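If you want the building blocks of each chain, they are given just below.
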Amino acid sequence: MKKLAVVTCAAVIGSLIPAHAETVFDRMEEIPFIKAYAYAEAVDDYCFATKKFSNQDLAKAASLQEDETALNINTAVTKAKRHLAGDQSACAPAMTFIDRTVAELPGLKQQFEAMIVEKREFVATQRAILQEAAKAEARKAEEAREAEAARARAETMERVCPALSEMIEAGAKGDPTLRLGTLSIWIMQFKQCRGFFEPAKFEALTKKLDDDFAATKKGISQ
């Protein structure tokens, strides 16, 4: 899971970086821990060396590089063994490369550990940028939804409010009890028309509704 997270994060962050720019991810993969370990395994198997080249320090360094990069130890070992199995003349250069890497291991480890810190700082910065971009996109989407909702409400009011005002002016018809229910519905609906009419007309129609409702209610109670 950790390996997948490293690779995925590197892929996402990498998509934001110009193709020509060398990143800390590139430099971490150039450190020869895994390559040296892979060739040490291959030399031990195919080169009839007078000493064992693979060792725990090299294995630990390779494991660290695998954890922190997209490189894979098994893939590298398979490739190195295939190389030396098919070309014995490559054994001597491979041994020289392994010996040099082992000799430089302490310094290379320091470089790599500094790169790990740099990578984590870089990833944290880019993650913050991505999070801010996501928040901005979310705000933009919310503003778009609110604008669409406002437009839909305005279109509804364009259809409803003029017809409702005509009905209010004409007055509710029918049985007093039915009329009272109709007026109650109109009162709730007409509140949504505030801002559609001029204030004076809105207040006048609201007063007429309230007066009609009060008179109808009074008539029922008598």
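Computed from a predicted model, the values in this text were never measured in an experiment.

Some points on the overall build of the chain
Within the chain, the regular secondary structure consists of 9 helices and 0 strands. Reading the chain from its N end, one meets helices and strands in the order α-α-α-α-α-α-α-α-α. In summary, the chain has a C-alpha radius of gyration of 39 Å against a globular reference of 17 Å for 222 residues, an excess of more than 25%. Counting only C-alpha atoms and orienting by the principal axes, one finds that the chain spans roughly 120 × 30 × 30 Å. Within the span of the chain, comprising 222 residues, buried residues form 29% of the whole. Only carbon and sulfur atoms are counted for the fraction: they give 57% of the accessible area of the chain, which is about 14,000 Å². Of the side chains in the chain, 31 bear a positive and 33 a negative charge, and the two mean positions are spaced by 5 Å.

Description of helix α7 (residues 105–170)
For α7, built from 66 residues, the straight-helix expectation of 98 Å at 1.5 Å per residue is met to within 8% by its first-to-last C-alpha distance of 95 Å. Of all the bends in α7, the greatest measures close to 30 degrees and is centred on methionine 157. Glycine 171, located one to two residues past α7, shows a positive phi value of around 90 degrees.

Topic: the nonpolar core
In this structure, Phe33, Val43, Leu58, Leu84 and Ile98 are the most contacted members of the largest nonpolar core, which totals 34 residues. Of all elements in the fold, only α2 (24–30), α3 (33–46), α4 (56–68), α5 (73–86), α6 (91–103) and α7 reach the threshold of two or more residues within this core. No other element matches the 9 residues that α3 contributes to this core. In this structure isoleucine 98 touches Ala36, Tyr39, Ala40, Val43, Phe53 and Leu58, once residues within four positions along its chain are discounted. Cys161, Leu164, Phe190 and Phe197 belong to the second largest nonpolar core, which has 14 residues in total.

About the thresholds
The residue numbering used here restarts from 1 in each chain and proceeds along that chain's sequence as written. The predicted origin of the model limits local features to residues at a pLDDT of at least 70 and limits the giving and counting of side-chain atom pairs to 80 or more, whereas totals for whole chains, interfaces and linings rest on all residues. Calculation of side-chain values draws on the structure's entire complement of heavy atoms; hydrogens and water are dropped beforehand. The way it works is that DSSP assigns letters per residue, a run of H or I at least four long becomes a helix, a run of E at least two long becomes a strand, and they are numbered from the N terminus. Atoms counted for the radius of gyration: C-alpha only. Globule rule: 2.2 Å times the number of residues to the power 0.38. Each residue is assigned to one of three classes by its accessible area relative to the maximum for its type, calculated with a 1.4 Å probe on protein chains only: buried under 20%, partly exposed between the two thresholds, exposed over 50%. Each accessible area is a Shrake-Rupley estimate made with a 1.4 Å probe; only the visible protein chains count as cover when residues are assessed. We treat Lys and Arg as the positive residues and Asp and Glu as the negative residues; His and chain ends play no part in the count. Think of each charge as sitting on NZ of Lys, CZ of Arg, CG of Asp or CD of Glu. A helix is expected to reach a length of 1.5 Å times the quantity of its residues less one. By definition, a residue's bend is the angle between the axes fitted to the seven residues ending there and the seven starting there. We define a nonpolar core as any set of buried Ala, Val, Leu, Ile, Met, Phe, Trp, Tyr and Cys residues linked to one another through side-chain atoms lying within 4.5 Å. It only takes one pair of heavy atoms within 4.5 Å for two residues to be counted as in contact.

Keep in mind that these numbers describe shape and distance, not what the molecule does.
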